[in-house]
Amino acid sequence: MRQSKNNTKYSLRDKIKAEAKEINPVNFIMLTVAGVINAFGVTLFLFPVKLYDSGISGLSMLLDRITPPAFTLSLFLIFLNIPIFCFGMKKQGFTFTVYSVFAVMIYSLMSFLITDVLPIDVSFVSPLAGSDLLLCAIFGGVISGIGSGLTIRFGGAIDGIDVLSVIFAKRLSMSIGTFVMIFNTLLYTFCGIAVESWILPLYSIVTYYIGSKTVDFIVEGIDRSICAMIVTTRANEISDALAECFESSGTIVNAIGGYSKEDKEIIYFIINHFQINKLKKMVHDIDASAFISLQDVSDIIKSKE
């Protein structure tokens, strides 16, 4: 048994050493920017008017409201997030954990500077949007979403809810999105009970929705890729035409028609939104009976040559 434990210990240590070599110093610069932006959105737009962010960040804001003054937002951000990231290190990896802890530390430090050090009054209304809850919800969601999206794009996460959802969603037989939604629903319910008002939690839902859409935009970009699967009997001709027009090659896969039992081929080809109509016309000019299926692609990873 002791031998088995030692092997596990050394294998984990070797894994951490291997992942540590993948850490990119440039990422820390971008994670610093992401942490500053996230803190800017939360502390200058949401926190002053008692709106709540989503996830662990929102829970930290709630605890800041209902606990003694010594327990601040910046402290809760560290005490709640970092143990979660460390707990999920085995599943998420050492590099992800280092990036995430660093981003949270920057987020917490910047939040502390804005709320307690810099000459900025965030005790009553937003310095930039006043007491307009809708403006605060919109801009707070957009700006914090940019910070969260940049964190994800550069290898980490700025909120522990991302790790909790990956760890527990499958065990509870639900999707990650459902887990996050349930967590935030419970969070906003408790916020409504704590502040004895449902106006602020309802506006916080607006923040959550806008923030999540902003994260998607930052991570995936405006020019989101599309996977085109073309079922045809003239694959070589279509593939040559696509390569000439788009200067990109596709992949041809042999297939059999489910009803006709005829030999067919499937072309797997990546395009963007602006190229869809051009692709449809080109394919149907060559094979009018070709079947085209389009699906969103969240990311494309190219091999290093």
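The following refers to the structure shown. (Residues numbered from 1 in each chain as written. Predicted model: local features only at pLDDT ≥ 70, side-chain atom pairs only at ≥ 80, totals over all residues. Heavy atoms only, no water.)

## Section: the nonpolar core
Counting residues in each nonpolar core, the largest one holds 29 residues, and the members touching the most others are Val 42, Leu 51, Tyr 52, Met 61, Leu 73 and Tyr 107. Breaking this core down by element, the ones donating at least two residues are helix 2 (25-46), helix 3 (55-66), helix 4 (73-87), helix 6 (94-117), helix 7 (133-153) and helix 9 (176-195). Take this core: its biggest share by element is six residues, from helix 2. Aside from chain neighbours lying at most four places away, what touches Leu 51 is Leu 46, Met 61, Leu 133, Cys 136, Ala 137, Leu 200, Tyr 203, Ser 204 and Thr 207. Residues Ile 230, Ala 235, Ala 290 and Ile 292 belong to the second largest nonpolar core, which totals 18 residues. (Core = buried A, V, L, I, M, F, W, Y, C linked by side-chain atoms within 4.5 Å. Buried < 20%, exposed > 50% of the residue type's maximum accessible area, 1.4 Å probe, protein only. Helix = DSSP H or I, 4+ residues; strand = E, 2+ residues; numbered from the N terminus. Contact = heavy atoms within 4.5 Å.)

## Focus: the sheet that holds strand 1 (residues 225-232)
One open sheet holds the four strands; their spatial order is 2-3-1-4, and the pairing between them is antiparallel. The two strands at the open ends of the sheet, each matched to only one other strand, are strand 2 (251-256) and strand 4 (291-297). For this sheet, the mean inter-axis angle between neighbouring strands, taken without regard to orientation, is 25°. Note that strand 1 and strand 4 share seven bridges and pair antiparallel. Counterpart to Ile 230 in the pairing with strand 4 is Ile 292. Seen against the sheet, helix 11 (residues 235-246) touches strand 1, strand 2 and strand 3 (263-272) and runs at an angle of roughly 15° to strand 3. Helix-sheet contacts for helix 12 (residues 276-286) involve strand 1, strand 3 and strand 4, and the interaxial angle to strand 4 is about 155°. (Pairing = 2+ DSSP bridges. Axes fitted to C-alpha atoms, helices over the stretch in contact; angles between N-to-C directions.)

## Here's the deal with unusual backbone geometry
For Lys 50, which is not glycine, the phi dihedral falls at a positive 65°. You can see Lys 50 is positioned in the loop between helix 2 and helix 3. When its relative accessible area of 37% is taken as the criterion, Lys 50 is described as partly exposed. The backbone phi angle of Glu 196 is positive, close to 55°, even though this residue is not glycine. Within the secondary structure layout, Glu 196 lies in the loop between helix 9 and helix 10 (199-220).

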